[in-house]
Amino acid sequence: MALRFSNTLEEQMMYLAVPIIRDEKLSGVVRTSIPITFIERALRSIEFKIGGVGLAVALMAAGISLMVSRRISRPLEQMKQSAETISRGEWKEPLTVDSDSVEISALSNALNQMALQLEDRIETITSQHNESEAVLSSMVEGVLAVDAEEKVIRLNKAAGKLLDIEPDHVEGRPIEEVVRNSHLREFIERTLSGIENVETDLTIGNQNEIFLQAHGAVLKDILDKSIGAVIVLNDVTRLRRLETVRRDFVANVSHELKTPITLIKGFVETLQQGALENREEAERFLNIMSKQVERLNAIIEDLLSLSRLEQDSGKSEMAMEKTKVTQVLESAIRDCERKAQEKNTSIQLDCPNELEVYANSPLLNQAVLNLVDNALKYSEPGGEIKVEASEIETEIVIAVQDWGCGIDSAHLPRLFERFYRVDQARSRQLGGTGLGLAIVKHIAQAHKGSVSVNSTLGKGSRFSIHLPII
Ligand SMILES: Nc1ncnc2c1ncn2[C@@H]1O[C@H](COP(=O)(O)OP(=O)(O)OP(=O)(O)O)[C@@H](O)[C@H]1O
Ligand SMILES: [Mg+2]
């Protein structure tokens with residue numbers, strides 16, 4: 001076979017010569033030729049067909065593989081989105097994927113299961129957190145927890161109020177930034193360093209002093225490892241004040257009783273030592289002694305009526321009846337008439353006739369009498385006093401107004417305490433025991449009411465008894 005250019009046909013030709021052998025002898029040769037272009041055309045047509053089929057197969061394969069990959073990747077994409085929703089905590093409904101693959105279905109089931117459990121756990125944790133939050137914030141005691149680095153872990157509402165700290169945004173902050181009181185900081189340090197529970201008394205605030213009782217305990221984790229300290233604060237201000245009042249009361253009673261007794265004892269001794277011989281002097285001494293005995297009697301009477309009032313209001317056994325307020329006020333004014341005349345003072349009454357209260361009239365009379373007595377005692381002669389009563393909102397208010405010496409505002413909070421007097425000497429000189437206003441307060445309380453005072457130094461005072469409406 002040979003490829004050669006044919007000069008006759010003037011084109012590239014393929015020649016083929018096949019020898020014919022007969023009886024092992026060459027008997028002839030068959031020769032043939034064909035133009036190359038013809039073969040090439042035939043080959044090109046074959047190549048073209050093969051190319052077309054190849055392309056179709058490739059396209060089909062691509063289509064099929066796209067479909068297959070879509071079927072796998074769509075559920076995966078859904079699961080990815082679902083996982084993202086779970087991680088954001090926004091998971092609402094279980095994921096449903098349409099896939100024939102057992103593995104993918106199992107995976108999506110596992111994802112749903114995990115989401116359900118996660119939701120369950122989060123719910124439990126949230127409700128536990130809310131419960132402990134509610135317990136902590138409803139506690140009357142202040143609770144402050146710090147970690148080992150003295151950073152605030154928790155501070156409940158009560159602690160915020162007691163220590164005058166905004167409880168939000170303190171968590172994680174160092175204690176020295178949050179708590180200004182150095183004693184409390186020292187106490188926290190002591191609690192952190194100790195093994196035992198500690199206890200101390202603290203005073204907080206300058207103007208409005210409050211007394212706190214602090215209990216400190218080491219904060220431990222479930223493995224009993226110390227991780228900080230917890231401080232519980234109790235407001236014992238009221239208790240401390242009561243203690244002071246009681247101590248003052250005992251001291252005052254002793255003092256008040258001692259003064260007249262000392263005087264009486266002195267005069268008795270003087271009389272025994274011979275003053276009895278001098279009748280004039282003896283009479284003068286006896287007069288003084290009698291006055292002191294009266295004073296002693298007044299103090300004891302007042303003390304007894306106070307303790308009776310306290311007992312009665314505790315048991316609410318007091319005899320009460322519907323009473324016309326005017327009658328009570330008129331009777332109190334009548335009792336003071338002589339004293340008012342002596343001081344050349346007029347007492348004005350302003351009370352609606354129909355006004356009624358549920359009261360024990362002798363006691364209410366005593367309360368008003370005490371107020372009018374004070375108004376007279378602490379005003380200059382020639383003035384005026386007003387006794388008024390009216391219904392204001394849910395109360396009946398009985399007020400005694402004077403334009404006398406008035407009281408400095410510093411004294412007002414303690415004015416209704418037993419034996420409290422603004423000017424000890426002056427009040428005693430005026431014959432006061434300092435129990436009058438305490439009695440007024442107790443009478444008001446025995447009627448389920450209260451007392452109040454408005455006063456300006458040098459201008460006058462207004463004392464009010466507030467009683468509930470029938
Ligand atoms: N109207 C008033 N104006 C000015 N000061 C008053 C007035 N009422 C009371 N006070 C002050 O309050 C103090 C207490 O009054 P309170 O009536 O309890 O005692 P007292 O008048 O001294 O004695 P008493 O037990 O005899 O009434 C008085 O000592 C006085 O300083
Ligand atoms: Mg008085």
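Nothing here was measured: the structure is a model prediction, and the numbers come from that model.

Asks: Would you mind showing me how to read the overall build of the protein chain here?
Replies: A tally of helices and strands in the protein chain yields 11 helices and 15 strands. Taking 470 residues into account, the globule formula puts the C-alpha radius of gyration at 23 Å, and the protein chain, at 53 Å, lies well above it. Projecting the C-alpha coordinates of the protein chain onto the three principal axes gives extents of approximately 200 × 60 × 40 Å. Residues counted as buried form 32% of the 470 residues belonging to the protein chain. Accessible surface for the protein chain amounts to roughly 30600 Å². Of this, 54% is attributable to carbon and sulfur atoms. Of the side chains in the protein chain, 54 bear a positive and 70 a negative charge, and the two mean positions are spaced by 3 Å.

Asks: How should I be thinking about the pattern of salt bridges in this particular structure?
Replies: Should the charged atoms of two oppositely charged side chains come close, the side chains can pair. Scanning the model with the defined rule gives 15 salt bridges in all. Its salt-bridge partner being Glu177, residue Arg173 comes within 3.2 Å of it at the nearest N-O pair. Judged by its relative accessible area of 32%, Arg173 falls in the partly exposed class. Residue Glu417 pairs with Arg414 through a salt bridge whose shortest N-O separation is 2.8 Å. The exposure class of Arg414 is partly exposed, given its relative accessible area of 34%.

Asks: Got a minute to help me understand the sheet that holds strand E7 (residues 210-220) in this structure?
Replies: Note on sheets: strands pair through backbone hydrogen bonds, and any given pair is parallel or antiparallel. Strand order in the open sheet formed by five strands is E5-E4-E8-E7-E6, and the pairing between neighbours is antiparallel. Each edge of the open sheet carries a strand with a single partner, namely strand E5 (152-155) and strand E6 (198-204). Across this sheet, the average inter-strand angle for adjacent strands is 20°, counted without regard to direction. Summarising the sheet, strand E4 (residues 142-147) and strand E8 (residues 226-235) pair through six bridges and their orientation is antiparallel. The partner of Ala145 across the bridge, within E8, is Val230.

Asks: In this structure, what is going on with a nonpolar patch on the surface? I would like to understand it.
Replies: A grouping of Met60, Ile64, Val68, Ile72, Leu76 and Leu107 is seen on the molecular surface, where their side chains present a nonpolar patch of about 560 Å² in accessible area. Sort the elements by how many residues they give to the nonpolar patch and helix H1 (residues 36-87) lands first, with five residues. Inspection of the secondary structure puts Leu107 in helix H2 (residues 102-138).

Asks: Before we go on, may I ask you to explain the domain arrangement of the protein chain in this structure?
Replies: Many analyses report the size of an interface as the accessible area lost when the parts associate. Domains assigned within the protein chain are domain 1 (139-235), domain 2 (237-316) and domain 3 (318-470). Relative to domain 3, the C-alpha centre of domain 1 lies at a distance of 46 Å.

Asks: Got a minute to help me understand the packing of helix H9 (residues 361-377) against helix H11 (residues 436-446) in this structure?
Replies: To describe two helices that pack against each other, one gives the angle between their axes and the distance between the axes. Their axes nearest at 9 Å, the elements H9 and H11 cross at an angle of 145°. Here H9 runs over H11; the crossing is left-handed. The segment H9 lies against H11, with Leu363, Leu364, Gln366, Ala367, Asn370, Leu371 and Asn374 engaging Gly436, Leu437, Ile439, Val440 and Ile443. Here the contact of H9 with H11 is built from residues that sort into eight nonpolar, four polar and no charged.

Asks: What exactly am I supposed to notice about the pairing of strand E2 (residues 11-22) here?
Replies: The side chains of a regular strand alternate, first on one face of the sheet and then on the other. Where strand E1 (residues 2-6) lies against E2, five bridges are found, and the strand directions are antiparallel. Counted as the bridge partner of Ala2 is Tyr15 from E2. Counted along the chain from E2 to the antiparallel partner strand E3 (residues 25-35), the turn is two residues long, and its residue Asp23 has a positive phi close to 50°.

Asks: Just checking my understanding: could you explain the sheet that holds E3 for this structure?
Replies: The three strands lie next to each other as E1-E2-E3, forming an open sheet whose pairing is antiparallel. Strand pairing shows two members of the sheet lacking a second neighbour, E1 and E3, which therefore form its edges. Neighbour to neighbour, the strand axes of the sheet diverge by 35° on average, direction disregarded. As paired strands, E2 and E3 are joined by 10 bridges and run antiparallel to one another. Counterpart to Ile21 in the pairing with E3 is Leu26. The sheet contacts of H1 involve E1, E2 and E3, and relative to E3 the element is tilted by about 65°.

Asks: Would you mind going over the pairing of strand E12 (residues 384-392) with me for this structure?
Replies: Two strands pair when backbone bridges link them, and strand E10 (residues 346-350) and E12 are joined in this way by five bridges, in the parallel orientation. Bridge pairing links Gln348 to Lys386 in E12. Where E12 and strand E13 (residues 395-402) come together, eight bridges link them in antiparallel fashion. Bridge pairing in E13 places Val387 opposite Val400. In textbook terms, the turn of a hairpin is the stretch between consecutive antiparallel strands, and for E12 and E13 this stretch comprises two residues, one of which, Glu393, has a positive phi near 50°.

Asks: Please explain the side chain of Thr326 as it appears in this structure.
Replies: Looking at the secondary structure, you find Thr326 in helix H8 (residues 325-342). When near neighbours in sequence (up to four residues on either side) are disregarded, Thr326 contacts Leu349, Cys351, Pro352 and Asn353.

Asks: Would you mind going over the packing of aromatic side chains with me for this structure?
Replies: Enumeration over the complete set of coordinates arrives at three aromatic pairs. Centre to centre, the rings of Phe267 and Phe285 are 4.8 Å apart; their planes meet at 40°, and the pair counts as tilted. Here Phe267 is found in helix H6 (residues 237-272), whereas its partner Phe285 is found in helix H7 (residues 279-315), with 18 residues between them in sequence. For the pair shown, Phe267 and Phe285 are each scored as buried. Between the NZ or CZ atom of Arg4 and the centre of the ring of Tyr15, over which it lies, the distance is 4.2 Å. Above the ring of Phe249, the side-chain terminus of Arg418 is found at 4.9 Å from the ring centroid.

Asks: What am I meant to see in H11 here?
Replies: Counting along an α-helix, one turn takes 3.6 residues, and residues three or four places apart therefore face a common direction. Counting buried positions over the 11 residues of H11 gives eight, a clear majority of the element. Taken residue by residue, H11 has Leu437, Ala438, Ile439, Val440, His442, Ile443, Ala444 and Ala446 as its buried positions.

Asks: Looking at this structure, how should I read unusual backbone geometry?
Replies: Excluding glycine, residues mostly carry a negative phi; peptide bonds, for their part, are mostly trans. A positive phi angle, close to 50°, is found at Asp23, a residue other than glycine. Following the sequence through the fold, Asp23 ends up in the loop between E2 and E3. You can call Asp23 exposed: its relative accessible area is 73%. A positive phi is found at Asp224, a non-glycine position, where the angle reads about 65°. Position of Asp224 relative to the elements: it lies in the loop between E7 and E8.

Rules and cut-offs
Residues numbered from 1 in each chain as written. Chains lettered and ligands numbered in written order. Predicted model: local features only at pLDDT ≥ 70, side-chain atom pairs only at ≥ 80, totals over all residues. Heavy atoms only, no water. Helix = DSSP H or I, 4+ residues; strand = E, 2+ residues; numbered from the N terminus. Rg over C-alpha atoms; globule rule 2.2 N^0.38 Å. Buried < 20%, exposed > 50% of the residue type's maximum accessible area, 1.4 Å probe, protein only. Areas by Shrake-Rupley, 256 points an atom, 1.4 Å probe, with all protein chains shown as cover. Lys, Arg positive; Asp, Glu negative; His and termini not counted. Charge placed at Lys NZ, Arg CZ, Asp CG, Glu CD. Salt bridge = Lys/Arg side-chain N within 4 Å of Asp/Glu carboxyl O. Pairing = 2+ DSSP bridges. Axes fitted to C-alpha atoms, helices over the stretch in contact; angles between N-to-C directions. Patch = residues over 30% accessible without salt bridge, like charges linked within 9 Å, V, L, I, M, F, W, Y side chains within 5 Å. Domains from an automatic or database assignment. Left-handed = near helix turned anticlockwise from the far one by under 90°. Contact = heavy atoms within 4.5 Å. Nonpolar A, V, L, I, M, F, W, Y, C, P; charged D, E, K, R; others polar. Phe/Tyr/Trp six-rings, centres within 6.5 Å; stacked < 30°, edge-to-face > 60°. Lys NZ or Arg CZ within 6 Å of the ring centre and 35° of its normal.

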